[in-house]
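Structural overview
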Amino acid sequence: MEDFEQMLNESSGEIIEISTSQPDSEMPEWRSDLPEVIPVMPLRGVVLFPGTVAPLTVERPASQQLLEELLPTGRLLGLSTQHDSEVDVPGADQIHKIGVLGNVLRMMKQDDGNTLVLIQVVERIKLKKFESSEPYLRAQFEILENKFPKDGDVWQATLRNLRESAQKFIETNPNIPDEATQALNGIDSPSILTDFLATNLSLDLPQKQSLLEETRVAERAETVQQILNNQLHIAELQQKLRDDVEDEFSDAQRRAYLREQLRAIQRELGEGDGADEQSEDLRERLEAANLPGDVMEAAERELKRLDIIPAASPEHSVIVSYLETVAELPWSKLSDDNEDLKRAQEILDRDHYGLEKVKQRLIEYLAVRKLNPDGRGPILCLLGPPGVGKTSLGRSIADALGREFARISVGGIRDEAEIRGHRRTYIGSMPGRLIQEIRRVGTRNPVIMLDEVDKIGNDFRGDPASALLEVLDPRQNHEFVDRYLDVPFDLSQVIFISTANTIHPVPAPLRDRMEVIELPGYTEEEKLEIAGRYLVKRQLKENGLKVKQCRWNKTALRKVIEDYTREAGVRNLEREIGSVCRSVAARVALDASVEIKITPDYVEEVLGPPKFARETKMRVSRPGVVNGLAYTTVGGEVLNIEALRYVGKGNIKLTGQIGNVMKESMQAAWSLVQNRAEELGIDHEDFGKYDVHVHVPAGAVPKDGPSAGAAMYTALASLFTGKRVDKDIAMTGEINLRGSVLPIGGLKEKAIGAVQAGIKTVLIPELNAKDVPDIPESAKKKLTIIPVSTVDEVLETVLKKR
């Protein structure tokens, strides 16, 4: 810039008079001696107007040569803007035919090879015929005369309005220097006034070129007036924004003010920044989501806040995340239910072996939903030991209905915000797991499985189990309010299925909202069928084996079941089968032709010595030893209750991690034996001469419950009478002080456990005889089930002579 100012001060060229300074001015002398052909310099990205002095930087070699050859003989040249500024060497057809006539005032060479030139723009010209294009353009031309309107009041008013608007624009815009006012006041000619304004207004190239080509001064003045009015309006808006924030403000407020200025300008120009586009995109997505009326009102409020909050503010990202969540939730999208019950039965049979009673209940549940789609059905709770197929049953229900499936593991959660969501009071807040899963699956009526509801915790952060009460209540969940959303969401179309290993830890109010469907453990025969139909095939596939490379027979599967697993389900069974398959895969990887037949010996070779010995090998028939039955989280188990006596003072001791309830059962059995000593043939003095120790093996495993009362009474009676109990007999039942045998729970699981342990006879409370049909037929065939109502019947059945 300093070089240009120096050139202007030291210009050696003669400034010539512009003929258009007045409408009726005489033609200057230099017009009489014009050349017929002049050199033409293309301009890139700029349009020049008569009446101005323009400094130019000349970089192109052809233009530099033009100036070097021009100055020794003359100073006039044509200047025309090229159509495409990217073209480096434009031809005659690549520049505008209307340009200007320039008078070179001074030229200066720079060290970087560029040329600085100062040019006085004097007239509009039209390039007529190009004489040459090498080494630079040369063309014939004619000067375009300005066409003035008749002088009158209207024309004078137009000029005065134009000058006043320009003056006001200069005053409103602080970026325009004060010298502009002096220059404006020094212009008398209407044509020069319009060209001066066209030069200094912010216009794009097509607009400037259009003004240059307009020779009618009145039309040119009208166009400039319109452009000036638009820019004056923007300048006034800027001034208004400045006036509104004249008070002191922080740096953050200053940045917000500048952004608001930019938005105001963009709104006036019909343009938008990224934030506006984001806001508009969110609005379109919200409208497409078909939100309920109250939800849309809440979203509109957040959109309005989003428009006024700066993008750099943390609150901006919180609002955007919230609106994206609302827009992506399936407020009105429902999956179409498949109501074919035969297909549902086929899917359940395909995915699960046995469990006929459970399948029947599920089919009934689906049938009711088919007949009454709008009905509020019960919340199902699948109760059973680990590995019996509770979670996969939920997937099968979703598959049968044609609905999406989502699983939420609630075991171990302690924060109710996992269910109800986090409030939007901090960055990183999010909806609860329910809303997240519904957002993920994309429908309002999925099948949602709440896994492990018996393992929900609670602490100072709240009680998640209580939070589930609203979710699982069909009469309340149609207006479930997640704290993050803060608007109601309808959960009434969701099918909730929960799972649990035991029902006792589940709070009573939550249990009251669920219909419990019990899944018993599998018998050995059922495990054998499941392993052959499902587990072996799945493990072969997962380990990349073909059937012929790893052939299993039933004896090998039975050995895995009997000697390496002790569970109600089949999870560990599949794990052990997978271990054997991996050993085969290692051999096949070395030799693809290997084909191995899995035998019991091969199983023991891979899995090592048996992990579990059959109870038949450990059981003995001797006084004081009785087999009880227990129901644990992994199914039915046989309890070996052992009692012995030794010289003492009549004390009784219990060991084996026995819980309080089982201790009380032991005390009741001890009192009952002493009360019936005469009937049993026991000397009363023996109770004072001996101490009694009762032990339940597997001391590392906690045990509790009242159902071992009958077995403990029998063990004490056997100990003091000296009569043995057959080792193949087991019993279950609670007792009272009157000697009655009371009903217990888990009979089905206990019976299955007895079969797996090799028990042949089971004594059960007579009041549990109604539950015998629930025991699998395969188990009933191997057991002799004897109902008893009193402890006398128990002893009469099981005690042998010495």
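Here we summarise the structure given alongside this text. (Residues numbered from 1 in each chain as written. Predicted model: local features only at pLDDT ≥ 70, side-chain atom pairs only at ≥ 80, totals over all residues. Heavy atoms only, no water.)

Focus on the side chain of lysine 208
Within the secondary structure layout, lysine 208 lies in helix α6 (residues 205-213). Within the buried set, lysine 208 has no salt-bridge partner at all; the shortest N-O distance to an opposite charge, 8.9 Å, is to aspartate 204. When neighbours within four sequence positions are excluded, lysine 208 is seen to be in contact with Val47, Phe49, Ala198, Thr199, Leu201 and Leu203. (Helix = DSSP H or I, 4+ residues; strand = E, 2+ residues; numbered from the N terminus. Buried < 20%, exposed > 50% of the residue type's maximum accessible area, 1.4 Å probe, protein only. Lys, Arg positive; Asp, Glu negative; His and termini not counted. Salt bridge = Lys/Arg side-chain N within 4 Å of Asp/Glu carboxyl O. Contact = heavy atoms within 4.5 Å.)

What to know about the pairing of strand β12 (residues 495-500)
Of all the six residues making up β12, six are buried; the element is thus mostly covered by neighbouring parts of the structure. In β12, alternate side chains face the same way, and those of Ile495, Ile497 and Thr499 on one face and Phe496, Ser498 and Ala500 on the other are all buried. Across four bridges, the pairing between strand β7 (residues 379-383) and β12 is parallel. For leucine 380, the partnering residue across the bridge sits in β12 and is isoleucine 497. (Pairing = 2+ DSSP bridges.)

Observations regarding the environment of valine 584
On the secondary structure map, valine 584 appears in helix α21 (residues 571-590). For valine 584, a relative accessible area of 0% gives the class buried. Residues valine 584 and glutamate 595, eleven residues apart in the sequence, show an inter-C-alpha distance of 8.7 Å. When near neighbours in sequence (up to four residues on either side) are disregarded, valine 584 contacts Leu545, Gln549, Cys550, Ile596, Ile598 and Tyr602.

Thoughts on helix α13 (residues 356-371)
Across its 16 residues, α13 extends 23 Å between first and last C-alpha, which sits within 8% of the 22 Å expected from 1.5 Å per residue. Among the residues making up α13, those that are buried are Val358, Lys359, Arg361, Leu362, Ile363, Tyr365, Leu366 and Arg369. (Expected span 1.5 Å × (residues − 1).)

Some words on the packing of helix α24 (residues 660-675) against helix α27 (residues 709-721)
For the pair α24 and α27, interaxial distance at closest approach is 9 Å and the crossing angle is 40°. As far as their axial angle goes, α27 and α24 are oblique. Here α24 runs over α27; the crossing is right-handed. Contacts from Met662, Ser665, Met666, Ala669, Trp670, Leu672 and Val673 in α24 reach Gly709, Met712, Tyr713, Leu716, Ala717 and Phe720 in α27. Of the residues assigned to the contact of α24 with α27, the class counts are eleven nonpolar, two polar and no charged. (Axes fitted to C-alpha atoms, helices over the stretch in contact; angles between N-to-C directions. Parallel < 35°, antiparallel > 145°, perpendicular 65-115°, else oblique. Left-handed = near helix turned anticlockwise from the far one by under 90°. Nonpolar A, V, L, I, M, F, W, Y, C, P; charged D, E, K, R; others polar.)

A word on the sheet that holds strand β8 (residues 405-409)
With respect to topology, five strands assemble into an open sheet ordered β8-β9-β12-β7-β13, the strand pairing being parallel. Each edge of the sheet is formed by a strand with only one pairing partner; in this case those strands are β8 and β13 (514-518). Averaged over neighbouring strand pairs, the angle between their axes works out to 25° when direction is ignored. Against the sheet, helix α14 (residues 390-401) touches β7, β8, β9 (447-451) and β12, its axis set at about 175° to β9.

Section: helix α19 (residues 524-542)
Given 3.6 residues per turn, any residue in an α-helix points the same way as the ones three and four places further on. Alanine 531 marks the point of greatest bend in α19, at about 50°. Buried residues of α19: Glu524, Glu526, Lys527, Leu528, Ile530, Ala531, Leu535, Val536, Gln539 and Leu540, and no others. A positive phi of about 70° marks glycine 544, the residue just after α19. (Bend = angle between axes of the 7 residues up to and from the residue.)

Some thoughts on the pattern of salt bridges
Counted under the stated rule, the structure contains 36 salt bridges. A salt bridge links aspartate 351 to arginine 350; the shortest N-O distance between them is 2.8 Å. By relative accessible area, which is 46% here, arginine 350 ends up partly exposed. Salt bridges linked by common partners bring Asp281, Arg285, Glu328 and Arg439 together as one network.

Thoughts on the nonpolar core
Ranked by size, the top nonpolar core spans 54 residues in total, and within it Leu450 and Phe496 carry the most contacts. Look past the residues within four positions of leucine 450 in its chain and what remains in contact with it is Ile408, Val410, Leu434, Leu468, Leu472, Phe496, Ile497, Ser498 and Thr499. If you look at the next biggest cluster of nonpolar residues, it comprises 53 residues, including Leu362, Ile397, Leu540 and Cys550. (Core = buried A, V, L, I, M, F, W, Y, C linked by side-chain atoms within 4.5 Å.)

Quick notes on the packing of helix α3 (residues 153-172) against helix α5 (residues 190-200)
α5 packs onto α3 with a crossing angle of 30° between their chain directions and a minimal axis gap of 11 Å. Here α3 is positioned roughly parallel relative to α5, judged by the angle of their axes. Once α3 is placed against α5, the crossing between them reads as left-handed. For the pair formed by α3 and α5, the contact residues are Trp155, Leu159, Leu162, Arg163 and Ala166 on the first element and Pro190, Leu193, Thr194 and Leu197 on the second. Residues belonging to the contact of α3 with α5 are distributed by class as follows: seven nonpolar, one polar and one charged.

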